[in-house]
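If you want the building blocks of each chain, they are given just below.
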Amino acid sequence: YSYKDAVANKETLAGYVPVSEDTLKDYDELLSIIQHDLLLDLNSVTDDHMFSGNNSTGIVGIKNTTAIRKMRTKVMLTAKRVPTHVLVSPIIKQEIDLYKTETGLYQSITGDVLWGMKVVEDPNCDGLLVYDSYAAERRSIHGTTVDVDRINDQFIHNELCIRAEHTKALQVRYPDAFCYASKTNLDTAAA
């Protein structure tokens, strides 16, 4: 097992939601938008960067360069870590859920556990990622801030934009504890 030292670069990530000026005056509605739409968008952007980011001065995601069970074995042998999770694309999860055996029975993932790993369905994932959840950590550099401003023709439409942002870094302690296969590669291997 060899480990390559690298710097966990920080990157500021942002999500935004357009709102009317009237909405800004309604605290309850504004709070609802911030808690749901705005932070949901920001978390989705962050998850995408942690998974597939490719910024030479920012976050580099955990995808690496094969079936789930074989991926588990690969992580165990190369990283000497026991994988705790399998991240799956919703499309692949659907294919697994709807797969029927030769006798016509559905093969199901009971209790969202497969081969001893917790199954996590994520729309940001375009394949399968088997990993040890203790092999990497999101680091918060700055907390979440919220700013309000106008973009494009929002002044004419009496709208503003609310932007939330935070600065994060992804510290990967064991890069070999992540094994990724894209849906395209999985489909090619199955053919």
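The structure we're discussing is the one just above.
Predicted, not measured: the structure shown is a model, and the values here were computed from it.

1. Considerations on the side chain of His85
Looking at the secondary structure, you find His85 in strand 2 (residues 85-88). With a relative accessible area of 18%, His85 lands in the buried category. The contacts of His85, once residues within four sequence positions are left out, are Met117, Lys118, Val120, Leu129, Val130, Tyr131 and Ser133.

2. Here we look at the nonpolar core
By size, the foremost hydrophobic cluster in this structure holds 31 residues, and its most contacted members are Ile68, Val86, Leu128, Leu129, Val130 and Phe178. Those elements that provide at least two residues to this core are helix 2 (27-52), helix 3 (68-79), strand 2, helix 4 (90-98), strand 4 (117-121), strand 5 (127-131) and strand 8 (178-182). Leaving out residues up to four positions away in the same chain, Ile68 has contacts with Val86, Ile96, Leu114, Trp115, Met117, Leu128 and Val130.

3. Things to note about the sheet that holds strand 8
One open sheet accounts for five strands, arranged 3-4-2-5-8; its pairing is mixed. Two strands bound the open sheet, and with one partner strand each, they are strand 3 (113-114) and strand 8. By the bridge criterion, four bridges tie strand 2 to strand 5 in an arrangement that is antiparallel. From the neighbouring strand, His85 faces strand 5, where its bridge partner is Tyr131.

Calculation criteria
Residues numbered from 1 in each chain as written. Predicted model: local features only at pLDDT ≥ 70, side-chain atom pairs only at ≥ 80, totals over all residues. Heavy atoms only, no water. Helix = DSSP H or I, 4+ residues; strand = E, 2+ residues; numbered from the N terminus. Buried < 20%, exposed > 50% of the residue type's maximum accessible area, 1.4 Å probe, protein only. Contact = heavy atoms within 4.5 Å. Core = buried A, V, L, I, M, F, W, Y, C linked by side-chain atoms within 4.5 Å. Pairing = 2+ DSSP bridges.

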